[in-house]
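# Geometric and topological summary
So the chains spell out like this:
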Amino acid sequence: MEETLKILVVDDDEVDRIAICSALSIAGVQIELSEVGRGNDALSLLSINTYDCVFLDYRLPDQDALTLIQQLRYSKIKVPLVVLTGQGDEQITLQLLKAGATDYLSKSRISPETLSQVLRSAIRIYRAEIQADLANQQLRESNEQLIYKNQELERQQQQIQMQNFKLLEASRLKSLFLATISHELRTPMNAIIGFSQILLRPKFGQLTRQQADMVERILNNGKHLLMLLNEVLDFSKLEGGGLDLKPERFDVSKVINIVVSEMRSLAEAKNLLLLVQTDLQNPLVFNDPLRVKQILINLLSNAIKFTESGEIWVEVKELPGNRVVIIVQDTGIGIASKDFKHIFEAFRQVDQTITRKYPGTGLGLAIIDSLVRMMGGKIFLESKLGVGSMFKIELPRKITLRTGAGNAPSSQLDNDDFFCPPQNPHQSSSQSRKANRIS
Ligand code: ADP
């Protein structure tokens with residue numbers, strides 16, 4: 001069933017009102033009709049009732065249609081409005097439409113078809129406008145929400161930047177503190193080591209067995225503490241970019257053999273077999289011998305520390321592309337693959353408890369990681385819990401240094417005995433670390 005439309009006709013001419021009413025009923029439009037002859041009466045009715053459409057005569061006794069439309073707009077009354085114009089009123093149609101009329105129709109054209117057509121299209125246009133208004137309103141609201149969220153995000157971003165800045169500052173202060181404290185502690189530690197060494201010399205007087213034993217303990221503990229302090233100092237220098245590599249030409253096999261013989265007593269104290277194989281046609285490399293030694297000492301002392309029985313192998317081999325690889329393999333406790341990436345971070349140990357079995361600062365691998373990165377090398381780790389671990393350090397035969405903080409100037413590299421492919425100085429060795437397991 002077709003809906004009944006509530007229509008208001010505003011016209012002081014009764015004949016015209018009847019004409020509209022009959023045209024609509026001939027057209028078959030179901031209507032509930034209200035009629036008024038004056039603009040003010042129309043305004044009163046429209047402020048309390050809702051209508052589907054208003055037919056408004058342009059000329060009313062108390063005002064014209066344009067004034068009435070403006071009043072309706074001012075009172076925020078919305079309704080489809082069709083203005084019925086007489087002879088000579090057509091000129092102002094544009095003004096009427098601009099003011100808010102939905103449509104207009106010349107009285108001379110009133111017929112059942114035109115009137116019903118104009119009525120339906122006015123209602124359609126009005127409803128579409130209402131929907132567009134609603135959508136606009138929703139858009140405005142979501143736009144406001146977006147602006148608010150954006151402001152909120154900007155505020156959070158500023159807070160994050162601020163926190164980031166504070167963290168960087170805290171980290172810088174921590175590095176400075178570590179560097180200062182380890183530097184300051186090294187001086188008295190060297191005195192303790194030096195004087196205990198002097199005390200142990202027979203020419204300064206014979207110590208009793210018990211005294212000699214105590215002084216030896218002071219010496220050994222002093223050396224251990226100095227080693228830890230050096231680790232902290234190196235790490236803080238590496239972090240602050242203050243550590244320079246001092247490359248020179250040297251025999252890498254020799255350095256490896258020296259380190260192995262220095263550490264053999266530690267392995268033997270734990271009944272571990274320490275095997276070394278240096279298999280190089282050309283043992284010469286261009287690198288910092290002290291830092292290569294430091295890498296090997298760190299790897300070997302870890303291998304000895306984390307191995308209770310079995311063997312430790314140290315091997316150095318040539319690789320294609322003018323590279324050498326140093327391998328340290330043990331039959332120790334092994335490392336779970338989930339810990340591979342963490343153990344290269346500073347102060348990270350698989351066992352982080354204070355009651356842990358194995359002592360250490362947790363800086364050894366972090367230092368190795370930074371040094372290998374500076375040398376343009378890569379670290380590979382293969383390990384299996386309860387079986388053992390294998391650390392492989394791949395290094396270019398001739399290192400190429402970046403200029404800038406933490407690196408020796410490249411002018412030191414005038415030696416052309418070796419060819420080394422260009423290294424990517426920003427390549428993270430931890431990115432290229434393989435996470436395989438020993439089979
Ligand atoms: P530290 O040895 O002082 O604890 P490192 O940075 O040298 O610090 O090593 C970090 C951690 O990696 C060690 O605490 C240990 O958990 C693990 N790790 C290193 N090397 C080995 C190894 N050869 N076998 C088993 N675990 C190892």
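Position numbers for residues count from 1 along each chain, tracking the sequence in the order it is written. Per-residue local features of the predicted model are confined to residues with pLDDT of at least 70, and side-chain atom pairs are confined, for both listing and counting, to 80 or more; whole-chain, interface and lining totals are unaffected and use all residues. To obtain the side-chain values, all non-hydrogen atoms of the structure were used and water was disregarded.

## With respect to the sheet that holds strand 2 (residues 31-36)
Strand pairing is assigned whenever DSSP detects at least two bridges linking the two strands. Numbering of helices and strands starts at the N terminus; helices are DSSP runs of H or I of at least 4 residues and strands are runs of E of at least 2. Read from one edge to the other, the open sheet built from five strands follows the order 2-1-3-4-5, with strand pairing classed as parallel. The sheet terminates laterally at strand 2 and strand 5 (103-106), the two strands that pair on one side only. On average, each strand axis in the sheet is inclined to that of its neighbour by 20 degrees, with strand direction left out of account. As defined by bridge partners, strand 3 (residues 53-57) adjoins strand 4 (residues 81-85) across four bridges and the pair is classed as parallel. Its bridge partner lying in strand 4, Leu 56 is registered against Val 83. Only heavy atoms matter for contacts: two residues are in contact if any of them lie within 4.5 Å across the pair. Here an angle of 0 to 180 degrees is reported between the N-to-C directions of two axes, which are lines fitted to C-alpha atoms, with helices fitted over the stretch in contact. The strands that helix 1 (residues 14-26) touches are strand 1 (5-10), strand 2, strand 3 and strand 4; relative to strand 2, the one it contacts most, it runs at about 175 degrees.

## Details of a nonpolar patch on the surface
Together, Phe 177, Ile 181 and Leu 185 make up a nonpolar patch on the protein surface, roughly 280 Å² of accessible area in all. The topology assignment puts Leu 185 in helix 5 (residues 112-200). According to the relative accessible area criterion, Leu 185 is partly exposed, its value standing at 40%. A residue counts toward a patch only above 30% relative accessible area and without a salt bridge, and it is joined to like-charged neighbours within 9 Å or, for Val, Leu, Ile, Met, Phe, Trp and Tyr, to nonpolar neighbours within 5 Å. To be clear on the numbers: accessible area is Shrake-Rupley with a 1.4 Å probe, and residue cover counts the displayed protein chains and nothing else. Any carboxyl oxygen of Asp or Glu within 4 Å of a side-chain nitrogen of Lys or Arg constitutes a salt bridge here. Think of it in three bands: with a 1.4 Å probe and only protein chains considered, a residue is buried below 20% of the maximum accessible area for its type, exposed above 50%, and partly exposed in between.

## Focus: helix 6 (residues 209-239)
Helix span, as expected, comes to 1.5 Å for every residue beyond the first. With 31 residues, helix 6 should cover 45 Å at 1.5 Å per step; its first-to-last C-alpha distance of 45 Å lies within 8% of that length. Among all positions in helix 6, only Val 215, Leu 219, Gly 222, Leu 226, Leu 229, Glu 231, Val 232, Leu 233, Asp 234, Phe 235, Ser 236 and Leu 238 are buried. The inward-facing, buried residues of helix 6 contact helix 5, helix 8 (289-305) and helix 9 (364-374). Directly after helix 6, the chain includes Gly 241, whose backbone phi takes a positive value near 70 degrees.

## Let's talk about the UniProt feature "modified residue: 4-aspartylphosphate" (unreviewed entry) in the protein
UniProt positions are given in the numbering used here, feature names are shortened, and annotations may be inferred rather than shown by experiment. The UniProt entry lists Asp 57 under the feature "modified residue: 4-aspartylphosphate" (unreviewed entry), expressed in the numbering used here. As for its position among the elements, Asp 57 is in strand 3. When its relative accessible area of 7% is taken as the criterion, Asp 57 is described as buried.

## Digging into the side chain of Thr 102
Topologically, Thr 102 is positioned in the loop between helix 4 (93-99) and strand 5. Among all residues touching Thr 102, those that are not within four sequence positions of it are Val 79, Pro 80, Leu 81, Leu 97, Ala 122 and Ile 125.

## Description of the confidence of the model for the protein
Detail in the predicted coordinates should be disregarded across regions flagged by low pLDDT. Confidence scores here are pLDDT values: one per residue, from the predictor, ranging 0 to 100. When the pLDDT values of the protein are averaged, the result is 86; 90% of them are 70 or greater. For the protein, the element scoring lowest by mean pLDDT is strand 13 (residues 435-436), at 29; strand 10 (residues 323-330) scores highest, at 97. Note on residues 408-439: pLDDT under 50 across the span, and 81 contacts to partners over four residues away in sequence or across chains.

## What about the environment of Val 314?
Along the chain, Val 314 falls in strand 9 (residues 311-319). For the pair Val 314 and Ile 326, spaced twelve residues apart in sequence, the C-alpha separation works out to 7.4 Å. Excluding residues that lie within four positions of it along the chain, Val 314 makes contacts with Ile 256, Val 260, Leu 274, Leu 275, Val 276, Gln 277, Leu 296, Leu 300 and Ile 327.

## Observations regarding the pattern of salt bridges
As enumerated under the stated definition, the model contains 15 salt bridges in all. In this structure, Asp 16 engages Lys 107 in a salt bridge whose closest nitrogen and oxygen atoms are separated by 2.6 Å. One end of the pair, Asp 16, is in helix 1; the other, Lys 107, is in the loop between strand 5 and helix 5, and 91 residues separate them in sequence. For the salt bridge of Glu 262 with Lys 293, the shortest nitrogen-to-oxygen distance reads 3.6 Å. Pair noted here: Glu 262 is in helix 7 (residues 252-269) and Lys 293 is in helix 8, with a separation of 31 residues, a long-range link. Overall, Glu 262 belongs to the partly exposed group, its relative accessible area being 46%.

## Remarks on the site of the ligand
By convention in these notes, a residue is near a molecule or strand provided one of its non-hydrogen atoms lies within 4 Å of it. Around the ligand, 20 residues are found, and the nearest of them are Asn 302, Lys 305, Gln 349, Gly 362 and Leu 365. Think of a polar contact as two N or O atoms within 3.5 Å of one another; within protein, one of them needs to be a possible hydrogen donor and the other a possible acceptor, and neighboring residues in sequence only count if both atoms come from side chains. Side-chain polar atom of Asn 302 to an oxygen atom of the ligand: 2.7 Å apart, as the coordinates give it. Here Asp 330 contributes a side-chain N or O atom positioned 2.9 Å from a nitrogen atom of the ligand. Looking at the shell around the ligand, the elements with two or more residues in it are helix 8, helix 9 and strand 12 (388-396). A per-element tally of the shell around the ligand places helix 8 first, with three residues.

## Re the layout of surface pockets
Each pocket or cavity is described by its volume, and for the second largest pocket that value is around 410 Å³. At the level of secondary structure, the elements contributing two or more residues to the lining of the second largest pocket comprise helix 3 (65-74), helix 4 and helix 5. When residues of the lining of the second largest pocket are assigned to their parent elements, the largest contribution, four residues, is made by helix 5. Its residues placed into classes, the lining of the second largest pocket shows ten nonpolar, two polar and six charged. Only protein atoms enter the 1 Å grid used here. Points where a 1.4 Å probe fits but cannot escape make up a cavity, open sets with protein on both sides within 12 Å along at least five of seven lines make up a pocket, and a residue lines them when an atom lies within 4 Å of a point. Grid points are joined across faces, edges and corners, and a volume is the space filled by probe spheres set on the points. Any residue outside Ala, Val, Leu, Ile, Met, Phe, Trp, Tyr, Cys, Pro, Asp, Glu, Lys and Arg is labelled polar, Gly included; the first ten of those are nonpolar and the last four are charged.

## With respect to the packing of aromatic side chains
Any two of the Phe, Tyr and Trp rings considered here, Trp counted by its six-membered ring, make a pair once their centres fall within 6.5 Å; the pair's planes then place it as stacked at under 30 degrees, edge-to-face at over 60, or tilted in between. Inspection of every chain in the model, using the stated rule, returns one aromatic pair. Over the face of the ring belonging to Tyr 51 we find Lys 6, whose NZ or CZ atom lies 5.3 Å from the ring centre. For a lysine, the NZ atom is tested; for an arginine, the CZ atom; a charge sits over a ring if that atom is within 6 Å of the ring centre and within 35 degrees of the ring normal.

## Things to note about helix 3
Ala 65, Leu 66, Leu 68, Ile 69 and Leu 72 are the residues of helix 3 that are buried. Each buried residue of helix 3 lies within a common arc of 165 degrees when the element is viewed along its axis, so the set occupies one face. Residues of helix 3 that are buried make contact with helix 2 (39-48), strand 3, strand 4 and helix 4. Just downstream of helix 3 lies Lys 76, where phi reads positive at about 60 degrees. By construction, the arc corresponds to the directions joining the helix axis to the C-beta atoms.

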